[in-house]
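Tertiary structure, described
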Amino acid sequence: MRIIRPISLYNTLTRKIEQISPIIPGEVKVYSCGPTVYNFAHIGNLRTFLFQDLMKRTLLAAGYEVRHCMNITDVEDKIIRDSQVDLPADATNEARHAAMNRLTDRYTVLFLEDLDAMRILRPDVMPKATGHIGQMKILIQNLVDKGLAYAREGSVYFRIAGFPNYGCLAHLDREGMQSGASMDADEYDKDHAQDFVLWKAAKTGEPTWDSAWGPGRPGWHIECSAMGIELLGGHVDIHTGGVDLIFPHHENEIAQSEGALGHPWVSMWVHGEFLMVEGEKMSKSLGNFYTLRDLVEKGINPITFRYAIQSNHYRKLLNFSFEGLKAADNSLKRIRAFRKRMEEDGAQAGGGTWKEALDPVQRLEKARIAFWEAMADDLNTPEALAALFTLISDLNAQDDRIALTREERDAVLGFLDETDSIFAAWPHESPMDVLASVTGLPATAVLGGVSVSMAEILSPERIQSLIAARQAARDARNWAESDRLRDQLKAMGIVLEDRKDGTVGWRRA
Ligand code: AMP
Ligand code: ZN
């Protein structure tokens, strides 16, 4: 019989740490809100995906089976904004769809590269929103039929007054909420408690789909409800995302899904805290972000970044710093050196006696118990790693005096493998060239079987940051570096134009 360790997680719905108890014993269905693929994920986004991977790997190591669905948001306001800029006003709907798909396909591939580089296990299913428009329309119609949604001028809105449970996740005070106004926006950082859009009527210059309410496109929130119900069924054990998604996105997902299903949909809502930079949230709109590729350019291994994130508790705000990455690197070196020591045979017959020596196998059991107690208690990684480091110090000291036997060493290696199945950071680093578009790498990348130039993949922000780095090198009269950056941009298909007034322009070659 399979032995499963009980694991507890903080449930945002109840505001309590609860033991997970999947509807089908031993099998956990997990839905994660995936990336919006119009640009590189920044490392704040990646923190959220790393927390999800930590949770999933812990469940797997604890003996559960996990069915993990993570969507790809490939139709949404910002995607449309960025993908349609170069199209003529009279572009056909087909051309608009094609332009949108080109952008989202590229960034989907680059996102998957990021996951692989950080050893994030690929989800079992990764549905694209555009592949589930039919299910979204059915879900919306279901809500209209139940009186929970209404059409207005080609758009459809969810009527929150019809769903008394609205606010249960974010713990909103219903009395204090405004009602009646419809918001035609699904930017998740806007704090509106009003009826929200399910289907958006066609606007000039946007790709559209036909529907019973006229041409239009889905709102962001309905995408996850439709894909979740389609691919995981009418019940999800754990739904995850970053804390910014609690309201309105997840609140709206509950309203849509439970409104349509007529019963509770998700048992546990688990949210990861934000990654900060100098006290501010890392975000694309603030422009204060790094991508994984930026870190790799600075010589930081993706696995070091993984460890730096995972050695902190997922529900605590974390300030990003290069010192933090250095500390992570040192910790990893220590674990890997210990692992190497355990792989090798001990010194002949040991160097003497040590009265206080605990039996290494006892020490190991103590560490294993402490490690699992911490992980089972809402993924308390700092404490779990402390148990591992205590073991390392004790056994190193003991091995100096009385060499561990081969059997003892193998038992320790077994524990290192067990912990690595969660942290995925020892014994190895990630090969540095896993990210195709890292500095200095080829000017083209093969995406979805098609070779495309890096210029098409690079975002304007990314180009600007390389230009700024070159400018900084010039200011510092570091000509070798400034030439290298110019050549790098050239290899990526970006031509720089040094203007008379000292500014630098650029164009795609
Ligand atoms: P997006 O690609 O914008 O849809 O975001 C993907 C995920 O990243 C979502 O789950 C967000 O909650 C999460 N996220 C966005 N910014 C941050 C941040 N600074 N730190 C941690 N997670 C974030
Ligand atoms: Zn979602």
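You'll find the structure just up there.
Let me begin by describing the structure that accompanies this report. No experiment lies behind these values; they were computed from the predicted model shown.

Here we come to helix α1 (residues 43-61). If you check α1, its first and last C-alpha atoms are 26 Å apart, about what 19 residues at 1.5 Å a residue would give, namely 27 Å. α1 sits mainly inside the fold: 16 of its 19 residues count as buried. After α1 finishes, the residue glycine 63 shows a positive phi value of roughly 110°.

A separate point is the sheet that holds strand β13 (residues 318-319). Here we have three strands laid out as an open sheet, ordered β12-β11-β13, and mixed in their pairing. For this open sheet the edge positions go to β12 (280-281) and β13, each flanked by a neighbour on one side alone. Inspection of the sheet shows strand β11 (residues 275-277) paired to β13 by two bridges, in the parallel sense. Across the sheet, residue leucine 275 finds its bridge partner in β13, namely leucine 318.

Take the packing of aromatic side chains next. Aromatic ring pairs are reported here in terms of the distance separating the ring centres and the angle at which the planes meet. Enumeration over the complete set of coordinates arrives at 17 aromatic pairs. Summarising the aromatic geometry, the rings of tyrosine 307 and tryptophan 426 are spaced 6.3 Å apart at their centres and angled 70° between planes, so their arrangement reads as edge-to-face. With tyrosine 307 in helix α8 (residues 302-310) and tryptophan 426 in the loop between α12 (406-423) and β14 (444-447), the pair connects residues that are 119 residues apart, well separated along the chain. Like tryptophan 426, tyrosine 307 is buried. Following the ring pairs from residue to residue traces out a cluster consisting of Tyr307, Phe371, Trp372, Phe415, Phe423 and Trp426. When the ring centre of phenylalanine 274 is taken as origin, the NZ or CZ atom of lysine 281, which lies over that ring, is 5.0 Å away. Across the ring face of tyrosine 10, the terminal group of arginine 315 is positioned such that the distance to the ring centre comes to 4.1 Å.

Pairing within the open sheet is parallel, and its four strands lie in the order β4-β3-β9-β10. Either end of the sheet is taken by a strand with one partner, and the two such strands are β4 (65-70) and β10 (266-272). Looking at each pair of strands side by side, their axes are set apart by 25° on average, direction ignored. In the sheet, strand β3 (residues 27-32) pairs with strand β9 (residues 236-242) via three bridges, with the strands oriented parallel. The partner of serine 32 across the bridge, within β9, is threonine 240. Packing against the sheet, helix α5 (residues 220-232) makes contact with β3, β4 and β9, and its axis sits at approximately 155° to β3. Its contacts with the sheet place helix α6 (residues 246-261) against β9 and β10, and it is angled at close to 165° to β10.

In an ideal octahedron of six donors the angles at the metal are 90 or 180 degrees, and in an ideal tetrahedron of four donors they are 109.5 degrees. Taken together, Cys33 (SG), Cys224 (SG), His249 (NE2) and Glu253 (OE) make up the protein donors of the zinc ion (ligand 2), found 2.1 to 2.5 Å from the metal. Each of the four donor atoms bound to the zinc ion (ligand 2) contributes to angles spanning 75 to 130°, and the resulting shape is irregular. Of note, the zinc ion (ligand 2) draws all its donor residues from one chain, in the sequence arrangement C-x190-C-x24-H-x3-E. Linking cysteine 33 in the loop between β3 and α1 with histidine 249 in helix α6, this pair joins segments that are 216 residues apart in sequence. Just as cysteine 33 is buried, histidine 249 falls in that class too.

To continue, consider the pattern of salt bridges. Pairing of side chains with opposite charge becomes possible as their charged atoms draw close. Enumeration over the complete set of coordinates arrives at 28 salt bridges. Residue aspartate 77 pairs with arginine 217 through a salt bridge whose shortest N-O separation is 2.7 Å. Here the residue aspartate 77 occupies a position in helix α2 (residues 77-83), and arginine 217 occupies one in strand β8 (residues 216-218), the gap between them amounting to 140 residues. The exposure classification of aspartate 77 matches that of arginine 217, with both residues buried. Notably, a salt bridge pairs aspartate 345 with arginine 406, separated by 2.9 Å at the nearest N-O pair. In this pair, aspartate 345 sits in the loop between α9 (322-343) and α10 (360-376) while arginine 406 sits in helix α12, placing the two residues 61 residues apart along the sequence. Judged by its relative accessible area of 27%, arginine 406 is partly exposed. It is possible to trace a salt-bridge network through shared partners that takes in Arg5, Glu365, Arg368 and Glu418.

The next subject is the site of ligand 1. Not every one of the 16 residues close to ligand 1 is listed here, only the nearest: Thr36, Thr48, Asp244, Leu275 and Met282. Contacts to ligand 1 include threonine 48, whose side-chain N or O atom sits 2.7 Å from a nitrogen atom. Here aspartate 244 contributes a side-chain N or O atom positioned 2.4 Å from an oxygen atom of ligand 1. Surface burial for ligand 1 is 95%, taken as the share of its 500 Å² of free accessible area covered by protein chains. Looking at the shell around ligand 1 residue by residue, the class counts come to seven nonpolar, seven polar and two charged.

For the rest of this paragraph, the subject is the pairing of β10. For β10, the buried fraction is high: six of the seven residues fall into the buried class. For β9 and β10, the ladder comprises six bridges, and the chain directions are parallel. Counterpart to valine 236 in the pairing with β10 is valine 266. Read as a crossover between parallel neighbours, the route from β9 over α6 to β10 is right-handed.

Right, let's talk about the nonpolar core for a bit. Ranked by internal contacts, the top residues of the largest apolar core, which has 124 residues, are Leu9, Ile238, Phe305 and Trp426. When residues of this core are assigned to domains, at least three map to each of domain 1 (8-272) and domain 2 (284-426). Beyond its immediate sequence surroundings of up to four residues, leucine 9 is in contact with Lys16, Ile17, Glu18, Ile20, Met55, Ile238, Met268, Val270, Tyr314, Asp378 and Leu379. Listed in part, the eight residues of the second largest apolar core include Ile463, Ile467, Ile494 and Leu496.

How each quantity is defined
Residues numbered from 1 in each chain as written. Chains lettered and ligands numbered in written order. Predicted model: local features only at pLDDT ≥ 70, side-chain atom pairs only at ≥ 80, totals over all residues. Heavy atoms only, no water. Helix = DSSP H or I, 4+ residues; strand = E, 2+ residues; numbered from the N terminus. Expected span 1.5 Å × (residues − 1). Buried < 20%, exposed > 50% of the residue type's maximum accessible area, 1.4 Å probe, protein only. Pairing = 2+ DSSP bridges. Phe/Tyr/Trp six-rings, centres within 6.5 Å; stacked < 30°, edge-to-face > 60°. Lys NZ or Arg CZ within 6 Å of the ring centre and 35° of its normal. Axes fitted to C-alpha atoms, helices over the stretch in contact; angles between N-to-C directions. Contact = heavy atoms within 4.5 Å. Donors = N, O, S within 2.8 Å, 3.2 Å for Na, K, Ca; no water. Tetrahedral: all angles 85-135°; square planar, octahedral: opposite > 155°, others 65-115°. Salt bridge = Lys/Arg side-chain N within 4 Å of Asp/Glu carboxyl O. Near = heavy atom within 4 Å. Polar contact = N/O pair within 3.5 Å; in protein donor to acceptor, adjacent residues only side chain to side chain. Areas by Shrake-Rupley, 256 points an atom, 1.4 Å probe, with all protein chains shown as cover. Nonpolar A, V, L, I, M, F, W, Y, C, P; charged D, E, K, R; others polar. Right-handed = clockwise from strand over helix to strand, strands pointing away. Core = buried A, V, L, I, M, F, W, Y, C linked by side-chain atoms within 4.5 Å. Domains from an automatic or database assignment.

It is worth stressing that arrangement in space is one thing and function is another; only the former is reported here.
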